[in-house]
Amino acid sequence: MNTAGHSEATARRGLELTPFRGLRYDPERVGSLAAVTSPPYDVVVRPDGLHHLQSADPHNIVRLILPQAGTPSAGNEQAADTLRRWLAEGVLATDPEPGLYIYEQSDGDGMLQRGIIGALRVSEPAEGVVLPHEDVMPPVVADRAALMRATSANLEPLLLTYRGNGVTAEVIERTAERPPLLATTTEDGYQHRLWSLTDPIDVDLVQSDMAHRQALIADGHHRWATYLRLRAEHPSPSPWDYGLVLLVDTIRYPLRVRAIHRLLHGLPVADALSALDGLFRVQHLEAPLSEALEALADAACAGNAFLLAGDGAFHLIDRPDPDLLARTVPTDRPAAWRTLDATVLHAALLEHVWHIPEDSPAHIAYIHDTAATVAKAERTGSTAVLMHPVREEVVRDLARQGVTMPRKSTSFGPKPASGLVLRALDL
């Protein structure tokens, strides 16, 4: 663990953002741009969701980011073959000149987010330029690395945030006044627009501004760790020195921070509750999901709190026994880390009370959608653990101290849609 900390003032260098020739769908070769997009690979967690995306269009990007075959290696080769075929058929084509890309998302209900997509120089956390805030699972990194090796491509951008409100923001907003390169509305109601930024003066303005910035990984820790692994495998200089990212200025466009919930396979709610006797206060709530979440938010203001579900009701657990926390929570981290709900969940509940291995897909799943987590728990006789979101300033402060949070602690959004622009490393 690195506890030296990283402030923007002490970062040795800033963000090195580079134009690239984007790989994009030809609208005339697919049913619609909306039909070929997908949420990021780690959000498509339900088999029915995967099938729905595959059925939307035979060229949906999910066939590249989540290939389905008998073995992982066969799936990666399948994705590589599919990518080569789509390139040969003209389904995907490279833009004529390198550029950065301005990306806008809106929901018609007041949410507007704009950012800039580019190839970012990959840097180690110790450099203090790109700050992770969550731990990663090595098997997931290995899986993503194998897919990137096979396809020789960055198939979807990860999401980074920075605090700017400067020249880049002005370039983005001026560019967004022009007709877009593409525009589409996905079935979730989100509107997406993309512009290319190729003017040398504008590109130079952005690069100069970014050279003084520091970024926080909002979504995509495993992909960033994959970039690091693959960069180490290829002698520098090489295209692997850079990775595809979307950078969003959260001074101008604040992100929404949501929780990621846990589904504990094979642990009935009754057993989960009985193990808490004397360790947490338990309140049984006969209430709809919305009211139960309000009760969770109220309890979270006073300390650690969780909602358990899966038996047709909700159970609010809070006020953990101080002796339990003293026995189980590591003391070598800042107080802000020791008191995180995710820390208490993983260190005290999962490891010591319920004996659930956090890195085993057979025992635990991480799900973004609240209602889907509850429904799956009820359908399978398992326990859903619903979390309250962490504030962005807490995440950023810990990251600057060099302290990572437990894996899957936060969900920043909206996340960029996959399939609007890709980066091929060998074209």
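Reading the values: the criteria
Residues numbered from 1 in each chain as written. Predicted model: local features only at pLDDT ≥ 70, side-chain atom pairs only at ≥ 80, totals over all residues. Heavy atoms only, no water. Helix = DSSP H or I, 4+ residues; strand = E, 2+ residues; numbered from the N terminus. Rg over C-alpha atoms; globule rule 2.2 N^0.38 Å. Buried < 20%, exposed > 50% of the residue type's maximum accessible area, 1.4 Å probe, protein only. Contact = heavy atoms within 4.5 Å. Lys, Arg positive; Asp, Glu negative; His and termini not counted. Charge placed at Lys NZ, Arg CZ, Asp CG, Glu CD. Salt bridge = Lys/Arg side-chain N within 4 Å of Asp/Glu carboxyl O. Phe/Tyr/Trp six-rings, centres within 6.5 Å; stacked < 30°, edge-to-face > 60°. Pairing = 2+ DSSP bridges. Axes fitted to C-alpha atoms, helices over the stretch in contact; angles between N-to-C directions. Core = buried A, V, L, I, M, F, W, Y, C linked by side-chain atoms within 4.5 Å. pLDDT = per-residue confidence, 0-100. Parallel < 35°, antiparallel > 145°, perpendicular 65-115°, else oblique. Left-handed = near helix turned anticlockwise from the far one by under 90°. Nonpolar A, V, L, I, M, F, W, Y, C, P; charged D, E, K, R; others polar. Patch = residues over 30% accessible without salt bridge, like charges linked within 9 Å, V, L, I, M, F, W, Y side chains within 5 Å. Areas by Shrake-Rupley, 256 points an atom, 1.4 Å probe, with all protein chains shown as cover. Polar contact = N/O pair within 3.5 Å; in protein donor to acceptor, adjacent residues only side chain to side chain.

Undergrad: Whenever I open this one, the overall build of the protein chain confuses me. Can you help?
TA: Counting secondary structure elements, the protein chain contains 15 helices and 21 strands. For a compact globule of 427 residues, the expected C-alpha radius of gyration is about 22 Å, and the protein chain comes in at 22 Å, within 12% of that figure. By its C-alpha atoms, the protein chain is 65 × 50 × 45 Å across when sized along the principal axes. The proportion of buried residues among the 427 residues of the protein chain is 55%. Relative to all contacts within the protein chain whose residues are 6 or more apart in sequence, the contacts with residues 24 or more apart total 80%. Averaging the coordinates of the 39 positive side-chain charges in the protein chain and doing the same for the 55 negative ones gives two points 3 Å apart.

Undergrad: What is the right way to read the side chain of D341 from this model?
TA: Secondary-structure assignment places D341 in helix α13 (residues 341-353). Lacking a salt bridge, the buried D341 has R391 as its closest oppositely charged neighbour, with an N-O distance of 9.8 Å. When near neighbours in sequence (up to four residues on either side) are disregarded, D341 contacts G303, N304, A305, F306, M387 and H388.

Undergrad: Any chance you could explain the packing of aromatic side chains here in plain terms?
TA: Each aromatic ring pair is characterised by the separation of its centres together with the angle its planes make. On inspection of all chains with the given rule, the structure shows 4 aromatic pairs. A ring pair is formed by Y25 and W86, whose centres lie 6.1 Å apart and whose planes are at 50°; its orientation type is tilted. Pair noted here: Y25 is in strand β2 (residues 23-25) and W86 is in helix α4 (residues 72-89), with a separation of 61 residues, a long-range link. Each member of the pair, Y25 together with W86, is buried.

Undergrad: Hey, could you run me through the environment of D298 in this one?
TA: Residue placement: D298 occurs in helix α10 (residues 289-300). Separated by 90 residues in the primary sequence, D298 and H388 place their C-alpha atoms 10.0 Å from one another.

Undergrad: What is the right way to look at the sheet that holds strand β14 (residues 261-264) in this model?
TA: Hydrogen bonds along the backbone pair up the strands of a sheet, which may run parallel or antiparallel. Strand order across the open sheet formed by 6 strands is β15-β17-β16-β19-β14-β18, with antiparallel pairing between neighbours. At either end of the open sheet lies a strand with only one pairing partner, and these are β15 (281-285) and β18 (364-367). Neighbouring strand axes in the sheet, compared pairwise and without regard to direction, differ in orientation by 25° on average. Where strand β16 (residues 305-309) and strand β19 (residues 383-386) come together, 3 bridges link them in antiparallel fashion. Each bridged residue has a counterpart across the sheet, and for L307 the counterpart in β19 is L386. Relative to the sheet, α10 contacts β15, β16, β17 (314-318) and β19, its axis offset from that of β16 by approximately 155°. With respect to the sheet, helix α14 (residues 370-380) is in contact with β14, β16, β17, β18 and β19, its orientation differing from that of β19 by roughly 160°.

Undergrad: Is there a simple way to explain the pattern of salt bridges in this structure?
TA: For side chains of opposite charge, pairing can occur when their charged atoms come near one another. Applying the stated criterion across every chain yields a total of 21 salt bridges. The closest approach of N and O atoms between D318 and R281, which form a salt bridge, is 2.8 Å. Residue D318 is located in strand β17, and its partner R281 is located in strand β15; the two are separated by 37 residues in the primary sequence. With its nearest N and O atoms 3.0 Å apart, the salt bridge here joins E392 to R396. One end of the pair, E392, and the other, R396, are both in helix α15 (residues 392-400), 4 residues apart, so they sit about a helical turn from each other. The residues E392 and R396 share a single accessibility class, namely buried. A cluster of three or more residues bridged by salt bridges with shared partners is formed by R13, E16, R121 and E127.

Undergrad: Got a minute to help me understand the nonpolar core in this structure?
TA: In globular proteins that are soluble, nonpolar side chains generally tend to be buried together. In terms of nonpolar packing, the biggest core is built from 87 residues, with Y25, I116, I117, L160, W224 and L247 touching the most fellow members. A total of 5 residues in this core trace back to one element, the largest contributor, which is strand β12 (residues 242-249). Ranked by size, the runner-up nonpolar core spans 28 residues in total, among them L264, F280, V344 and A348.

Undergrad: I'm lost on the confidence of the model for the protein chain in this one. Help?
TA: For any part of a model where pLDDT is low, the fine detail of the predicted coordinates should not be relied upon. Predicted confidence across the protein chain gives a mean pLDDT of 92, with 96% of residues reaching 70 or more. For residues 7-11, every residue scores under 50 in pLDDT, and the model assigns this stretch 7 contacts once sequence neighbours within four places are set aside.

Undergrad: Which parts of the structure should I look at to understand the packing of helix α5 (residues 138-151) against helix α8 (residues 221-233)?
TA: Two numbers describe a pair of packed helices, the interaxial angle and the distance between the axes. Relative orientation of the contacting elements α5 and α8 amounts to 60°, with a least axis distance of 9 Å. Accordingly, the angle class assigned to the pair α5 and α8 is oblique. The way α5 lies across α8 gives a crossing that is right-handed. Contacts between α5 and α8 involve V140, V141, A142, R144, A145, M148 and R149 on the former and, on the latter, H222, R223, A225, T226, Y227, R229, L230 and E233. Looking at the contact of α5 with α8, its residues break down into 8 nonpolar, 2 polar and 5 charged.

Undergrad: Hey, could you run me through a nonpolar patch on the surface in this one?
TA: Together, V167, I201 and L205 make up an exposed nonpolar region whose accessible area comes to about 240 Å². Within the secondary structure, V167 is located in helix α6 (residues 167-175).

Undergrad: Any chance you could explain the side chain of N304 here in plain terms?
TA: Considering the arrangement of structural elements, one finds N304 in the loop between α10 and β16. A residue is classified by how much of its surface remains accessible, and N304, at 9% relative accessible area, is buried. Here the side chain of N304 touches T339 through a polar contact of 2.9 Å, landing on its backbone oxygen. A distance of 2.9 Å separates a polar atom in the side chain of N304 from a polar atom in the side chain of D341.

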